[in-house]
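Commentary on secondary and tertiary structure
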Amino acid sequence: MAEDRLLQAQRHERLLGRLRDSGAIRVRELARDLGVSELTIRRDIAALAARNLVTRVHGGATLPSPARPVVRPRQAWTVGMVVPSLDFYWPPIVAGARAAAAALGVTIQLRGSSYDPEEDRRQIGRLVEARQVQGLLLAPLLKSPDADRIIDWIGGLPIPAVLVERQPRHWSPAARRIEWVRSDHSRGLEMAVHHLRDQGHSRIGLVLSEGSPTSAYLSRSWAELGLPAAMVFADPLSAVRACSGAGPTALVVHSDPDAIAIARTGLNIALVSYDDEVAHLADPPLTAIRPPKNHVGRIAVELMVSRLLSGDRRPAQGVLVAPELVVRESSRARVVRV
């Protein structure tokens, strides 16, 4: 019995350590990493939640909002949140936003849109016209040539907006009033490239996902780092074809499903996936860059509350949040072709 309590205490410490590092954990992934059942991890989370050490969310847990000297709103604010999807990338962001909102006495009205500018406008317009929200957390599709026009429209709305995992690309009188928070994908790409170079790889490629806002950031960051355009691939198939002879010996792949598809080809190549949604389920498990999604959601709400409290007296802010490198088997040192 004493040994069981010791093992439980060790799991609790590991669980809390993961939360302190990343802000959120998934039951399935932690159970796999610790070699225990998902039921055991759920019980651990329940025990820690009862002590107010974690907050339970669907499929995992987050850190409770820290006690901090934040001025409480003098009224019960409601904030509209429009995200392009209610699955895959976005649930941890929504969970983080809801945790921060609960701590600050804010209500969130969540709306699911799609990766379609017109649908974004409809969902945002409905929230504004109903006059039931005092601020907006938005993740519109900012794709050229319409991106600047959408930013100008959002900047002209009668209530403040915070962009989530988005950022205006250009300055404009409207854009200067819009705040934003997003994952620092440039830093994440640097982390992936640095890790692969440490493993002995000099020929590194980048695989993009067509139409993805994250891939758009990665593509720009790749160019800013001075990495060769010839090593950028539009899809997994073209990358696989290039991985022979003098082609890349390592790939950074967005996103997890494409990285898993490449891994299943059996190529002797090192892989780093970008997203870490299901990267741990691959065989072998994929090293991944994990965007700080939970933190992005939390910070978005905190920026909005600060804006509602201060109005235009506070300068607009933009926040970049660094991702995390999660090292697994797929990127460990391999034979490098010469």
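Because the structure is a prediction, the values reported are computed rather than measured.

Closest axis-to-axis distance for the helix α7 (residues 185–198)/helix α8 (residues 213–224) pair is 9 Å, and the angle between their directions is 65°. Where α7 crosses over α8, the handedness of that crossing is right-handed. Taking contact as the criterion, the partners of His185, Ser186, Leu189 and Val193 in α7 are, on α8, Thr214, Tyr217, Leu218, Ser221 and Trp222.

With that settled, consider the environment of Ser215. Relative to the helices and strands, Ser215 resides in helix α8. Taking the relative accessible area as the measure of exposure, Ser215 reaches 4% and is therefore buried. The spacing of Ser215 and Glu118 is 97 residues in sequence and 22 Å in space, taken between C-alpha atoms. Other than its neighbours up to four places away in sequence, Ser215 contacts Leu208, Ser209 and His254. Within the structure, the side chain of Ser215 is placed 2.8 Å from the backbone nitrogen of Ser209, a separation counted as a polar contact.

Here we take up helix α4 (residues 91–104). Taking 1.5 Å per residue as the helical rise, α4 with its 14 residues ought to reach 20 Å, and the 20 Å between its terminal C-alpha atoms agrees with that figure. Among the 14 residues that make up α4, 10 are buried, leaving the element largely enclosed by the rest of the structure. Those residues of α4 that sit buried are Pro92, Ile93, Val94, Ala95, Gly96, Ala97, Ala99, Ala100, Ala101 and Leu104. Elements in contact with the buried residues of α4: β1 (24–26), β2 (55–57), β4 (78–83), β5 (107–112), β7 (161–164) and α11 (293–310). Count one or two residues on from α4 and you reach Gly105, which has phi positive near 75°.

Cut-off values and rules
- Per chain, the residues get numbers from 1 upward, laid out in the order the sequence is written.
- Only residues with pLDDT of at least 70 are given local features in this predicted model, and only at 80 or more are side-chain atom pairs given and counted; all residues enter the totals for whole chains, interfaces and linings.
- Heavy atoms from the whole structure form the basis of all side-chain values; hydrogens and water molecules are not counted.
- As a rule, the C-alpha atoms of each element are fitted with a line to give its axis, helices using only the stretch in contact, and angles between N-to-C directions run from 0 to 180 degrees.
- Only DSSP runs of H or I covering at least 4 residues are called helices, and only runs of E covering at least 2 are called strands; the numbering of each starts at the N terminus.
- It is the rotation of the near helix from the far one that decides the hand of a crossing: anticlockwise by less than a right angle makes it left-handed, clockwise makes it right-handed.
- Contacts: residue pairs with any heavy atoms within 4.5 Å of one another.
- Relative accessibility under 20% of the residue-type maximum defines a buried residue, over 50% an exposed one, and the middle range a partly exposed one, all with a 1.4 Å probe and only protein chains included.
- A 3.5 Å cut-off defines polar contacts: any pair of N or O atoms within that distance qualifies, except that in protein one atom must be a possible hydrogen donor and the other a possible acceptor, and neighbouring residues in sequence count only when both atoms are side-chain atoms.
- In this scheme, a helix's expected span is set at 1.5 Å multiplied by one less than its residue total.

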